[in-house]
Amino acid sequence: MAYSEKLRQSYKKDLDEIRAAGLFKEERFIRSPQAANIRVEYPAGAPEQEVINLCANNYLGLSSHPEVVKAAHEGLEARGYGMSSVRFICGTQDIHRELERKLTKFLGTEDTILFPSCMDANAGVFEAILNDQDVIIADRLVHASLVDGIRLCKALQESFKHNDMKHLERKLEEFQDKRIRLIVTDGVFSMDGDVPRLDTMCELAEKYDAMVLVDDSHASGFMGRTGRGTHEMRGVLGKVDIITTTLGKGLGGASGGCVSGRAEIVELCRQRARPYLFSNAIPPVVVAAANKVLDLISASTERRDKLEWNTTYWRKLLTEAGFDIKEGESPIVPVMLYNAKLAQDVARDLYQEGIYVVGFFFPVVPKGAARIRTQLSASHDKAHLDKAIAAFKKVGEKYGILGLKKDQIIAKYGS
Ligand SMILES: *Cc1c(COP(=O)(O)O)cnc(C)c1O
């Protein structure tokens, strides 16, 4: 079929609807490496501005760390640019296997398989190990990539209310007749920054003969005392059967993901997971740098400790300034504004003050729960956060929201 004028108009109408709903996403061009301070061209064509970045997933500040960049250069020299193959044909180098071993050791699991991304890991893992005799019981707020991966397999798809262990237990009871019960959750939920009760979840798994899968993308490298993730934080190291995670956030921020866990499950992914079988191997330059990342975070907790300090300090600053924040234990700190337009206005004004944050609203978060999601990094120094809070206070004053509680903000601006 030709790309007819009729079809073009139809797609244009779809785009207009996205704009009319206020949901059109625009990219901002960053003209510097990823870091605490970045130079941004926004809107497109505007003069470049230096801003403090409070919305990257660069939790450990390793995205542009000199040692990581150096390891990438060395990897490029030693192993070339691309693999020109999937892993099982001729896409596996010694350094790919080395990285899988390091991840296994760091995460405290039995084995690990790399994927081009965590989205791909989640797309591949369910189909590889479940069939139509099984049930998946997932938290209702799991990441979109888990939702998609779950859709791709033949197991029955069930869910439990967000972090509601009683509801999960009822579901586990209900599906005792199934061959396999797999509980699925995020380790840190990306919009609220909350961490589920993995300890209770693992007890329930024991009691009702179920497996547990945790996507620790927003946790690997920094949650828990030595940064292993939410399983360390909740005291269930070795008890989570499957961990999926990304190299694209705390662990260097480039790309790549993995499935780590029970040896047989990892091996089945190697035999059957379609994104592993049919998509190119992670490029050597990324693998070499990721190996360095694992060395750095295995040798010292300095960076995750600094991130923890920054998180505590930033939460305190926001609270003292009178902002309404979501309580939590992760470096994701949502500043609640409830109203979508208010969230966008505040984000825009903060940008003018040199602070790069983004407003989130429906459908990314529920209606009436618009917010600015701030994220801390080990690359932030106290001075960055002091400067950022001054800007937040100035903008908060302008909109008259300092010291207001949820109901008061909604009364003033609507939801
Ligand atoms: C970011 C994220 C992903 C996607 O990771 P990629 O490696 O970028 O594909 C998957 N799951 C969760 C929970 C995430 O936060």
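Reading the values: rules and limits
Residues numbered from 1 in each chain as written. Predicted model: local features only at pLDDT ≥ 70, side-chain atom pairs only at ≥ 80, totals over all residues. Heavy atoms only, no water. Domains from an automatic or database assignment. Buried area = accessible area lost by both parts, 1.4 Å probe. Salt bridge = Lys/Arg side-chain N within 4 Å of Asp/Glu carboxyl O. Polar contact = N/O pair within 3.5 Å; in protein donor to acceptor, adjacent residues only side chain to side chain. Phe/Tyr/Trp six-rings, centres within 6.5 Å; stacked < 30°, edge-to-face > 60°. Helix = DSSP H or I, 4+ residues; strand = E, 2+ residues; numbered from the N terminus. Lys NZ or Arg CZ within 6 Å of the ring centre and 35° of its normal. Pairing = 2+ DSSP bridges. Contact = heavy atoms within 4.5 Å. Axes fitted to C-alpha atoms, helices over the stretch in contact; angles between N-to-C directions. Expected span 1.5 Å × (residues − 1). Buried < 20%, exposed > 50% of the residue type's maximum accessible area, 1.4 Å probe, protein only. Arc of directions from axis to C-beta.

Visitor: Would you mind showing me how to read the domain arrangement of the protein chain here?
Guide: Many authors give the size of an interface as the accessible area that is lost as the parts come together. We note that the domain assignment places domain 1 (23-53 + 301-413) and domain 2 (66-299) within the protein chain. Each of domain 1 and domain 2 has a C-alpha centre, and these two points are 29 Å apart. When residues of domain 1 are sorted by the area they lose upon contact with domain 2, R304, E329 and I332 head the list and together hold 40% of the total. At the junction of domain 1 with domain 2, the criterion picks out three salt bridges. Across the pair R371 and D192 runs a salt bridge, and its minimum N-O distance is 2.4 Å. In this structure, the connection of domain 1 to domain 2 is made through seven residue pairs in polar contact (both at pLDDT 80 or more).

Visitor: Got a minute to help me understand the packing of aromatic side chains in this structure?
Guide: For any pair of aromatic rings, the description rests on two quantities: the centre-to-centre distance and the angle between the ring planes. The full count for this structure, using the stated rule, is eight aromatic pairs. Ring centres of Y42 and Y351 lie 5.5 Å apart, and the angle between their planes is 85°; on these two criteria the pair is classed as edge-to-face. You can see Y42 sitting in the loop between β2 (37-41) and β3 (49-53) and its partner Y351 sitting in helix α14 (residues 340-352), a full 309 residues away along the chain. An aromatic cluster is built from Y42, Y351 and Y356, whose rings are joined through pairwise contacts. Looking at R19, its charged tip hangs above the ring of F24, at a distance of 4.3 Å from the centre. Cation over ring: R28 sits above Y42, and NZ or CZ is 4.4 Å from the ring centre.

Visitor: Got a minute to help me understand the sheet that holds β2 in this structure?
Guide: Sheet strands pair by backbone hydrogen bonding; their relative direction is either parallel or antiparallel. Read across the open sheet, the four strands follow the order β1-β2-β3-β12; overall the sheet is mixed. Each edge of the open sheet carries a strand with a single partner, namely β1 (29-30) and β12 (355-356). Pairing analysis gives four bridges linking β2 to β3, with the strands arranged antiparallel. Looking at β3, one finds that R39 is bridged to E50. Strands β2, β3 and β12 of the sheet are contacted by α14, whose axis makes an angle of about 120° with β3.

Visitor: Please clarify how helix α15 (residues 382-398) should be interpreted in this entry.
Guide: For an α-helix, 3.6 residues make a turn, and residues three or four places apart therefore share a direction. Its 17 residues place the ends of α15 25 Å apart at the C-alpha level, agreeing with the 24 Å of an ideal helix rising 1.5 Å per residue. Where α15 is concerned, the buried positions are H384, L385, A388, I389, A391, F392, V395 and G396. Buried residues in α15, looked at end-on, bunch into an arc of 165°, giving them a common side. Seen from the open side of α15, the exposed residues pointing more than 90 degrees away from its buried face are A383, E397 and K398. Once α15 ends, the next one or two residues include G400, with phi positive near 65°.

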